[in-house]
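What follows is the residue order along each chain.
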Amino acid sequence: MRQAFAENFAHRKELGAACCVYYRGEKVVDLWGGVRDKTTGEPWEQDTMALVFSATKGMAAMTVALAHSRGLIDLDERVCTYWPEFAQGGKDRITLRQLLAHQAGLFGFDEPVDAVVVADLDRLAAIMARQRPEWEPGTRQAYHAISLGFYEGELIRRVDPQHRTLGQVFGDDIATPLGMEFYIRLPASIPDSRLARLVTRNPLLSLAELSPRVLLAVLNKRSVFYRSMMANPGTLLGLDPDRIYARELEVPSGGGVGTARALARAYGVLATGGAELGMRPETFQALISPPVPPEQGFRDRCLFGDIRFSFGFMRPAPDWTFGGPASFGSPGAGGSFGYADPDAGIGYGDVCNRMSKSHNDPRDVALRSAMTDSLARLS
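Here the structure is a predicted model, which means the values were calculated and not measured.

Asks: How do you make sense of empty space enclosed by the protein when you look at a structure like this?
Replies: Where empty space is left becomes clear once a probe the size of a water molecule has been rolled over the atoms. All chains considered together, the criterion is met by seven cavities of 30 Å³ or more. Looking at the largest cavity, its volume works out to about 90 Å³. Along the wall of the largest cavity there are 13 residues; nearest its centre are Leu 121, Leu 124, Phe 150, Gly 153 and Glu 154. Mapped onto the lining of the largest cavity, the elements with two or more residues apiece are α6 (121–130) and α7 (147–159). Classifying every residue of the lining of the largest cavity by side-chain character gives seven nonpolar, three polar and three charged. In this model, the second largest cavity occupies a volume close to 80 Å³. Trp 320, Thr 321, Pro 331, Gly 335, Ser 336, Phe 337, Ser 358, His 359, Asn 360, Asp 361, Asp 364 and Arg 368 are the residues that line the second largest cavity.

Below, the structure written as structure tokens:
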């Protein structure tokens, strides 16, 4: 993996990055290198953190799993049991399992949602409660790119005995006990010098790689793709022109900032059953159980492929492969990725600051291939 990591810089246009692997509870790979800030040339240090976009979903899902382990929620219970106002607009029969599997039809918002709204959790909760699903929940699947985390956040706020936010529960009950540097709500006290400044990808290059069907969806403001991924509020809430990343703003689906070491540590704990967090075997079994398809199958109306989700995590599928069949995790736009592979006992984390392909990024593929080869030799 060290060799593959170096080759990413030499041959795959890596700028700054870090990769970490936990194997059966032990940290066996911990790599970092390159440049943290392209404009200044400052190096990527051991403690450099980066915005990981949708890889944040895995940490949010881990927080929901902890609530399940504590008996605060049931996957097959209706969401409105915990959040009565959620029942508005035809959402009264949506189960928590359907919501966390992106099957609720709540991938976008009809009312305006921006950073000001996101910062006011009561106002955001009222908007989510009024939102109508786009179709009968449980019939279809569409990636809830940003909205899912907000629904998860309000659910946690409702069931937590102290009514803490999802970011607070994650920080208090997961990140701190595990010694992880990862924030779902980045504090203002974190200095800019700790943060990797992102280099975005040429949009023309991204457009050129799209199929005609996806390109039409990108250009159509009423499409599922556009409403889920690009607008109101869009996926860039975590960025800030003055402080690199947004501070004191909780975006559980795409605003997490942290290290590859933190992702690998979290997933390493889950891969070995979650005992360090006191996770019950019933919750671990729910995490690794096969995802339940909607009535019309796993074909995702946003991502246009056979892609599978359960319990807030992405699962291996024909159109998005990683790890073994029991694996669960979440990739992030631009190349970040974290996941647990319980069959192999692996917790994997990879972050970078030069954004590239979100699916099958050659840098990530090279690292995971090297990891697979190493595991084969160990076996």
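Asks: What exactly am I supposed to notice about the pairing of strand β13 (residues 346–352) here?
Replies: Within a regular strand, side chains alternate between the sheet's two faces. For β13, a buried count of seven out of seven residues is recorded, marking the element as mostly surrounded by other parts of the structure. Across the two faces of β13 the burial is the same, with Ile 346, Tyr 348, Asp 350 and Cys 352 and Gly 347, Gly 349 and Val 351 all buried. The pairing of strand β1 (residues 16–23) with β13 spans seven bridges and is antiparallel. Residue pairing in the sheet places Tyr 23 in a bridge with Ile 346 of β13. Examined bridge by bridge, strand β12 (residues 337–341) and β13 share five bridges and lie antiparallel to one another.

The rules we used
- Residues numbered from 1 in each chain as written.
- Predicted model: local features only at pLDDT ≥ 70, side-chain atom pairs only at ≥ 80, totals over all residues.
- Heavy atoms only, no water.
- 1 Å grid on protein atoms, 1.4 Å probe; cavity = no way out; pocket = protein on both sides within 12 Å on 5 of 7 lines; lining within 4 Å.
- Points joined across faces, edges and corners; volume = space filled by probe spheres on them.
- Helix = DSSP H or I, 4+ residues; strand = E, 2+ residues; numbered from the N terminus.
- Nonpolar A, V, L, I, M, F, W, Y, C, P; charged D, E, K, R; others polar.
- Buried < 20%, exposed > 50% of the residue type's maximum accessible area, 1.4 Å probe, protein only.
- Pairing = 2+ DSSP bridges.

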